[in-house]
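Chains, contacts and geometry: an overview
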Amino acid sequence: MRTVIFGLIVLCAACAWQASSAQHDDSSRFAAVDIYLDSAEPVAAWQFEFSSRNGLMKIVGVENGESAAFDGTPYYDREAVQLGTADRIIVADFSLADANLLPSGRIRITTLHLVLTGRDDPAFDLDLVTAVTHDGRAIDASISLESQTESKQ
Amino acid sequence: MGPEKERSEDLPQPLIEALKSADRPVAMITARVDREVSEMARSHFSARRQPTRVPRPAWAAMAATVLIAVIVVQLQPPDQSTLYTDVDRSGRIDIADVLALARAQGPGERSQAELDAFASRIVSLKRAGEAS
């Protein structure tokens, strides 16, 4: 009888250890991704969509960019981000500043803060929806991202 | 001769005749006649319309309902869907439409709150999910 009880205890301990190690493998970590817009002309409004290709990411924060013309936090779905359910995001902003104050060249328009899960490297999709001049003319701009250093949670 | 005979002979003749003429068998009303008379009466009175009179409390309730309906309609916010349109006619509703709306208006015509609401609608994941 004692042998049976001892065997059960050992079995439970083994199961608990296995579950613990599985959780450790699935640990989450923070990351930040800078989004850059490259435009030869001054930009008055921009919009992009960002998502994870392999579904191992949640967006947990959105930070404003470096341009004084876009001084506030850009528009995004705050509810989804606050609830931690945003596995993709649409970010946009516009500025009513004078044309000579609008940014051009390579500008960091926002920084996204993410929580990554799993061991695989994240794969992102980034699409520029629109970028226009102060008079609403579409700009042939490009968009790119740069990942910052990651930290374990 | 019986006593009754003697008594009737005491009455004057005209009275006797009058009594005899009044002494007729009672007219029998059959069930059929009764039914027909009832139906005639019913149809006669149903043809006459009773004037419809709404009691005063019902009028008050109707007036109150109309008043509440008017107040509710007045308090309804304006339809925002007309605001969220393809302002720049690019074939797509995006942040450029918010910029176009903001630039097209005169000062104070569209509030910052309305522009923010339009932009928030554009970036809403729920809306984007519905559209796709």
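Up top is the structure.
Residues numbered from 1 in each chain as written. Chains lettered and ligands numbered in written order. Predicted model: local features only at pLDDT ≥ 70, side-chain atom pairs only at ≥ 80, totals over all residues.

1. What to know about the overall build of chain A
Heads up, the condition is: Secondary structure elements are defined from DSSP: runs of H or I of at least 4 residues count as helices, runs of E of at least 2 residues count as strands, and each element is numbered from the N terminus. Counting other C-beta atoms within 10 Å of a residue's own tells you its class, since 20 or more makes it buried, 12 or fewer makes it exposed, and anything in between is partly exposed; those C-beta atoms are placed from the backbone. C-beta atoms are first placed from the backbone for all residues, and any pair lying within 7 Å is then listed as a contact.
Scanning chain A for helices and strands turns up two helices and eight strands. Buried positions account for 28% of the 153 residues belonging to chain A. When contacts within chain A are restricted to residue pairs at least 6 apart in sequence, those whose partners lie at least 24 apart make up 81%.

2. Focus on the packing of helix 5 (residues 95–104) of chain B against helix 6 (residues 112–123) of chain B
Residue and element names in this part refer to chain B. Put simply, the rule is: Inter-axis angles, ranging from 0 to 180 degrees, are taken between N-to-C directions of lines fitted to C-alpha atoms, where helices are fitted over the stretch in contact. An angle below 35 degrees is treated as roughly parallel, one above 145 as roughly antiparallel, one from 65 to 115 as roughly perpendicular, and anything else as oblique. Two helices that cross are described as forming a left-handed crossing if the nearer one is turned anticlockwise from the farther one by less than a right angle, and a right-handed crossing if clockwise.
Two numbers describe how helix 5 lies on helix 6: the axes approach to 9 Å, and their chain directions differ by 170°. As judged from the angle between their axes, helix 5 and helix 6 are roughly antiparallel. Remark: the crossing between helix 5 and helix 6 carries right-handed chirality. Residues I95, V98, L101 and A102 of helix 5 lie in contact with helix 6, whose contacting residues are L115, F118, A119 and I122.

3. Let's talk about unusual backbone geometry
A negative phi holds for most residues other than glycine; trans holds for most peptide bonds. Residues and elements named next belong to chain B. Of note, R89 is a non-glycine position whose phi angle comes to about 55°, a positive value. By the secondary structure assignment, R89 is in the loop between helix 4 (56–75) and helix 5. Under the C-beta neighbour-count criterion, R89 is labelled exposed, with 9 such atoms within 10 Å.

4. Here's the deal with the sheet that holds strand 2 (residues 45–52) of chain A
Hydrogen bonds between backbone atoms are what pair the strands of a sheet, whose relative direction is either parallel or antiparallel. Cut-off, in case you're wondering: A strand pair is defined by DSSP finding two or more bridges across the two strands.
An order of 4-2-6 (chain A) is seen for the three strands of this open sheet, with the pairing classed as antiparallel. Strand pairing shows two members of the sheet lacking a second neighbour, strand 4 (88–94) and strand 6 (124–132) of chain A, which therefore form its edges. When strand polarity is set aside, the average angle formed by the axes of neighbouring strands in this sheet is 10°. Pairing of strand 2 of chain A with strand 4 of chain A involves seven bridges; the strand directions are antiparallel. Each bridged residue has a counterpart across the sheet, and for F50 of chain A the counterpart in strand 4 of chain A is I89 of chain A. Most of the contacts of helix 5 of chain B go to strand 4 of chain A, to which it runs at about 25°, and overall it touches strand 2, strand 4 and strand 6 of chain A.

5. Section: the environment of T133 of chain A
Residue and element names in this part refer to chain A. One can find T133 in the loop between strand 6 and strand 7 (142–147). Taking the C-beta count within 10 Å as the criterion, T133 has 19 such neighbours and is therefore assigned partly exposed. Expressed as a C-alpha distance, the spacing of T133 and A45, which sit 88 residues apart in the sequence, is 6.9 Å. With residues near it in sequence (within four places) discarded, T133 still touches E41, P42, A44 and I139.

6. So, the pairing of strand 2 of chain A
One face of the sheet, then the other: side chains in a regular strand alternate in exactly this way. Examined bridge by bridge, strand 2 of chain A and strand 6 of chain A share eight bridges and lie antiparallel to one another. Across the sheet, E49 of chain A pairs through a bridge with D127 of chain A, a residue of strand 6 of chain A.

7. Overview of helix 5 of chain B
Here helix 5 of chain B lies mainly inside the structure; eight of its 10 residues are buried. Those residues of helix 5 of chain B that fall on the buried side of the exposure criterion are I95, A96, D97, V98, L99, A100, L101 and A102 of chain B. Summarising the contacts, the buried residues of helix 5 of chain B are in contact with strand 2, strand 4 and strand 6 of chain A together with helix 6 of chain B.

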